[in-house]
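# Working through the structure, step by step
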Amino acid sequence: MEKKELSIEGLVQLVFDNSRTLLVVVVIAMGLGYGASYLIKPKFKSTLILYPTSQNSISESIIRGGKGFLDFGDEVQVEKMLQVLNSNEIRDYIIKRYDLYKQYEIEPKSKNAWTHVIEQYKSNVQFKKNEFM
């Protein structure tokens, strides 16, 4: 095997010698990338952390010597908040408010349309308790 020394001139000569091959590869890669942008449906992830507040009144917290409205809720408030967020009323409101039939490309008049929208919603939206409650 022949050893070649690395140099800028050698790199320029290599690119020049293989310019047709490189041009074909670049054009094919650009075409595939452009075509793939139409095949891949974009999906975004967004997260939110909610902390439930304490149910104590300000006067009660002053008597107890607590922080008042700055207290975070306990596990009971977390469970209540999760029940509200996972309720059918919230789900139905979000589906109607953001026109998820159109977003999920489901014909509203089709058979089982409501079921398909709910399935899509459940696969995309979830509420859960994290390690910090």
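It should be noted that the structure appears before, not after, this text.
This report concerns the structure included in the present document.

Our focus in this paragraph is the pattern of salt bridges. The full count for this structure, using the stated rule, is two salt bridges. One salt bridge in this structure joins Glu79 and Lys129, with 3.1 Å as the shortest N-O distance. Of this pair, Glu79 sits in helix H4 (residues 75–85) while Lys129 sits in the segment after helix H7 (113–124); the two residues are 50 residues apart in sequence, bridging distant segments of the chain. Looking at Glu79, the relative accessible area reads 34%, which means it is partly exposed. In this structure Lys129 comes out as partly exposed when scored by relative accessible area, which is 34%.

This part takes up the packing of helix H5 (residues 88–97) against H7. Where H5 contacts H7, the two axes come as close as 11 Å, and the packing angle between them is 100 degrees. One way to sum up the angle between H5 and H7 is to call them roughly perpendicular. Only Trp114, Val117, Ile118 and Tyr121 of H7 make contact with H5, whose side of the interface consists of Arg91, Asp92, Ile94 and Ile95. Class assignment of the residues belonging to the contact of H5 with H7 gives a composition of six nonpolar, no polar and two charged.

Taken residue by residue, H4 has Gln77, Val78, Leu82 and Leu85 as its buried positions. Looking down the long axis of H4, one finds its buried residues gathered within 140 degrees of arc, a one-sided arrangement. On its buried side, H4 packs onto H5.

Turning to the environment of Ile94, a few remarks are in order. Turning to its location among the elements, Ile94 is positioned in helix H5. Residues Ile94 and Tyr121, spaced 27 residues apart in sequence, show a C-alpha to C-alpha distance of 9.2 Å. With residues near it in sequence (within four places) discarded, Ile94 still touches Asp99, Leu100 and Tyr121.

To continue, consider the nonpolar core. Of all hydrophobic cores here, the largest spans nine residues; its members are Ile95, Leu100, Tyr101, Tyr104, Ile106, Ala113, Val117, Ile118 and Tyr121. Put simply, the parts of the chain that give this core at least two residues each are helix H6 (100–103) and H7. If one sorts the elements of this core by residue count, H7 sits on top with four residues.

Take the side chain of Arg91 next. Summarising the element assignment, Arg91 is placed in helix H5. Aside from chain neighbours lying at most four places away, what touches Arg91 is Trp114, Ile118 and Tyr121.

With respect to the element layout, Ser87 can be found in the loop between H4 and H5. A distance of 2.7 Å separates a polar side-chain atom of Ser87 from the backbone oxygen of Val84.

Conventions used here
- Residues numbered from 1 in each chain as written.
- Predicted model: local features only at pLDDT ≥ 70, side-chain atom pairs only at ≥ 80, totals over all residues.
- Heavy atoms only, no water.
- Salt bridge = Lys/Arg side-chain N within 4 Å of Asp/Glu carboxyl O.
- Helix = DSSP H or I, 4+ residues; strand = E, 2+ residues; numbered from the N terminus.
- Buried < 20%, exposed > 50% of the residue type's maximum accessible area, 1.4 Å probe, protein only.
- Axes fitted to C-alpha atoms, helices over the stretch in contact; angles between N-to-C directions.
- Parallel < 35°, antiparallel > 145°, perpendicular 65-115°, else oblique.
- Contact = heavy atoms within 4.5 Å.
- Nonpolar A, V, L, I, M, F, W, Y, C, P; charged D, E, K, R; others polar.
- Arc of directions from axis to C-beta.
- Core = buried A, V, L, I, M, F, W, Y, C linked by side-chain atoms within 4.5 Å.
- Polar contact = N/O pair within 3.5 Å; in protein donor to acceptor, adjacent residues only side chain to side chain.

It is worth stressing that arrangement in space is one thing and function is another; only the former is reported here.
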